[in-house]
Amino acid sequence: MTTTTHATTAPHPGTPELHPRGLPRPGRTLVMGVVNVTPDSFSDGGLSFAADAAVAHGLALLAQGADIVDVGGESTRPGATRPPVEEELRRVLPVVRELAAVGAIVSVDTMRAEVAARALDAGARLINDVSGGLADPAMLPLMARAGTPYVVMHWRGHSAGMQANAVYNDVVTDVLDELRLRIEAALEAGIPPGCLIIDPGLGFAKAPEHNWELLGRLEEVRALGHPVLVGASRKSFLGHLLADRTTGQPRPARLRDAATTAVSVLAAAQGVWCLRVHDVASTLDAVRVTARWGVEAAASARSPLR
């Protein structure tokens, strides 16, 4: 099956022209706030593990302006072990119900079809599957029946051993080829093209330099013809870049937000659809500035006086 691509030249920088059906179109890159309902999150160490704390955190992200809140009950940091499906459901469903009840657009970060199905019944409107349907063969048929937006990420195995798979001839070419296969599988399963979102999988089976190469060539990811989600927030490749000059120790995750915002600006300027971040307020400011800058740049380019 040949994947259909669409023209991907943005009307002006910072304004994505591809949008999944049923989700907001604010004229700028969207901001997805992260709600980790796990005891071992790399970014916060489990601060939102309890359901009430996770709901409060989600509400705070909405108050800061998050367009979407992404609720996850399984840590996908390198080396993490998987919880049983019953435990993932216990973590996620109460949080989804509470946030959906107040009108939030809730995404659920899961690789399991059972969790996705139960989350959609609880009010979720988007499934963010870091395995792109590879971890659970029931996921693509479920999403075809559901007809709701679905994120297909580049993935090369579960967290416990994924970094051993960070071997590429050319990381961008290889990631694009593997994403095309997942897009084709999703379309063959019956998922509507307008529901598909793609994610290059920063930090997943990627060495630090691989992430930078992907970020530098996001236009090629966008050329696959589907909205692009980028999740760079607080990831280890930023920590390595900002390592202490004396000790060489990577900067801790919670001190990487300024670097994340810089990446967000550059990604938004390339027209990505959405940014998945921990610090919503700074990212929202950044994408609004980027979109405004793009409007003025486009107007100047059209001016007959120039």
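Conventions we followed
- Residues numbered from 1 in each chain as written.
- Predicted model: local features only at pLDDT ≥ 70, side-chain atom pairs only at ≥ 80, totals over all residues.
- Heavy atoms only, no water.
- Axes fitted to C-alpha atoms, helices over the stretch in contact; angles between N-to-C directions.
- Helix = DSSP H or I, 4+ residues; strand = E, 2+ residues; numbered from the N terminus.
- Parallel < 35°, antiparallel > 145°, perpendicular 65-115°, else oblique.
- Left-handed = near helix turned anticlockwise from the far one by under 90°.
- Contact = heavy atoms within 4.5 Å.
- Core = buried A, V, L, I, M, F, W, Y, C linked by side-chain atoms within 4.5 Å.
- Buried < 20%, exposed > 50% of the residue type's maximum accessible area, 1.4 Å probe, protein only.
- Phe/Tyr/Trp six-rings, centres within 6.5 Å; stacked < 30°, edge-to-face > 60°.
- Pairing = 2+ DSSP bridges.
- Right-handed = clockwise from strand over helix to strand, strands pointing away.
- Expected span 1.5 Å × (residues − 1).
- Nonpolar A, V, L, I, M, F, W, Y, C, P; charged D, E, K, R; others polar.
- Salt bridge = Lys/Arg side-chain N within 4 Å of Asp/Glu carboxyl O.

Caption draft 1: Structural view of the packing of helix H3 (residues 113–121) against helix H4 (residues 139–146). For the pair H3 and H4, interaxial distance at closest approach is 9 Å and the crossing angle is 20°. Taken as axis vectors, H3 and H4 run roughly parallel relative to one another. With respect to the hand of their crossing, H3 and H4 are arranged in right-handed fashion. Here Ala113, Ala116, Ala117 and Leu120 of H3 come into contact with H4, specifically with Met139, Leu142, Met143 and Ala146.

Caption draft 2: How the structure looks around the nonpolar core. Core analysis: the biggest nonpolar cluster contains 76 residues, and Val71, Val108, Tyr150 and Val230 have the highest contact counts within it. In terms of residue count, the dominant contributor to this core is helix H5 (residues 171–189) (9 residues). Setting aside residues no more than four positions away along its own chain, Val230 makes contact with Leu202, Leu215, Leu218, Val272, Cys274, Leu275 and Arg276. Counting 11 residues, the second-largest nonpolar core is a separate cluster that includes Leu23, Leu30, Leu126 and Ile197.

Caption draft 3: Layout of unusual backbone geometry. Despite not being glycine, Ala205 shows a phi value in the positive range, around 55°. For Ala205, the location among the structural elements is in the loop between strand E6 (196–199) and helix H6 (208–216). On the basis of relative accessible area, Ala205 is assigned to the buried category, the value being 0%. Even without being a glycine, Arg234 presents a positive backbone phi close to 60°. On the secondary structure map, Arg234 appears in the loop between strand E7 (229–230) and helix H8 (236–241).

Caption draft 4: Representation of the packing of aromatic side chains within the structure. A complete count under the given rule lists 1 aromatic pair for this structure. Measuring from centroid to centroid gives 5.0 Å for Trp212 and Phe237, while their planes differ by 85°, and the two rings are edge-to-face. Of this pair, Trp212 sits in helix H6 while Phe237 is found in helix H8, placing the two residues 25 residues apart along the sequence.

Caption draft 5: Inspection of the sheet that holds strand E8 (residues 274–277) at higher detail. Overall, parallel pairing links the 8 strands, which are arranged E6-E5-E4-E3-E2-E1-E8-E7 in an open sheet. Each edge of the open sheet carries a strand with a single partner, namely E6 and E7. Bridge count between E7 and E8: 2 bridges; the pairing is parallel. Within E8, the position partnered with Leu229 by the bridge is Cys274. Along the sheet, H5 contacts strand E5 (150–153) and E6; its crossing angle with E6, the most-contacted strand, is approximately 160°.

Caption draft 6: Expanded view of the pairing of E5. Every second residue of E5 is oriented toward a common face, with Tyr150 and Val152 on one face and Val151 and Met153 on the other, all of them buried. Chirality of the crossover, the property in question, places the unit of strand E4 (residues 126–129), H4 and E5 among those that are right-handed. Read as a crossover between parallel neighbours, the route from E5 over H5 to E6 is right-handed.

Caption draft 7: Quick look at H5. In this model H5 runs 27 Å from its N-terminal to its C-terminal C-alpha over 19 residues, within 8% of the 27 Å that 1.5 Å per residue would give. Turning to H5, the residues buried within the fold contact H4, E5, E6, H6 and helix H7 (218–222). Of the residues one or two after H5, Gly190 is the one with positive phi, at around 105°.

Caption draft 8: Geometry of the packing of helix H9 (residues 257–269) against helix H10 (residues 280–302). Look at H9 against H10: their axes get within 9 Å of each other, and the N-to-C directions meet at 35°. You can see that H9 and H10 cross each other, and the crossing is right-handed. For the pair formed by H9 and H10, the contact residues are Thr261, Ser264, Val265, Ala268 and Ala269 on the first element and Ser282, Thr283, Ala286, Val287 and Thr290 on the second. Taken together, the residues of the contact of H9 with H10 break down into 5 nonpolar, 5 polar and no charged.

Caption draft 9: Spotlight on the pattern of salt bridges. Per the stated rule, a full pass over the model turns up 13 salt bridges. When the shortest N-O distance is used, the salt bridge between Arg217 and Asp170 registers 3.4 Å. One end of the pair, Arg217, is in the loop between H6 and H7; the other, Asp170, is in the loop between E5 and H5, and 47 residues separate them in sequence. For Arg217, a relative accessible area of 26% corresponds to the partly exposed category. On the basis of relative accessible area, Asp170 is assigned to the partly exposed category, the value being 26%. Between Arg180 and Asp177 there is a salt bridge whose closest N-O contact spans 2.9 Å.

Caption draft 10: Molecular detail of the side chain of Glu74. Inspection of the secondary structure assignment puts Glu74 in the loop between strand E2 (68–72) and helix H2 (85–101). In contact with Glu74, not counting residues within four places along its chain, are Thr38, Arg82, Pro83, Glu88, Met111 and Arg112.

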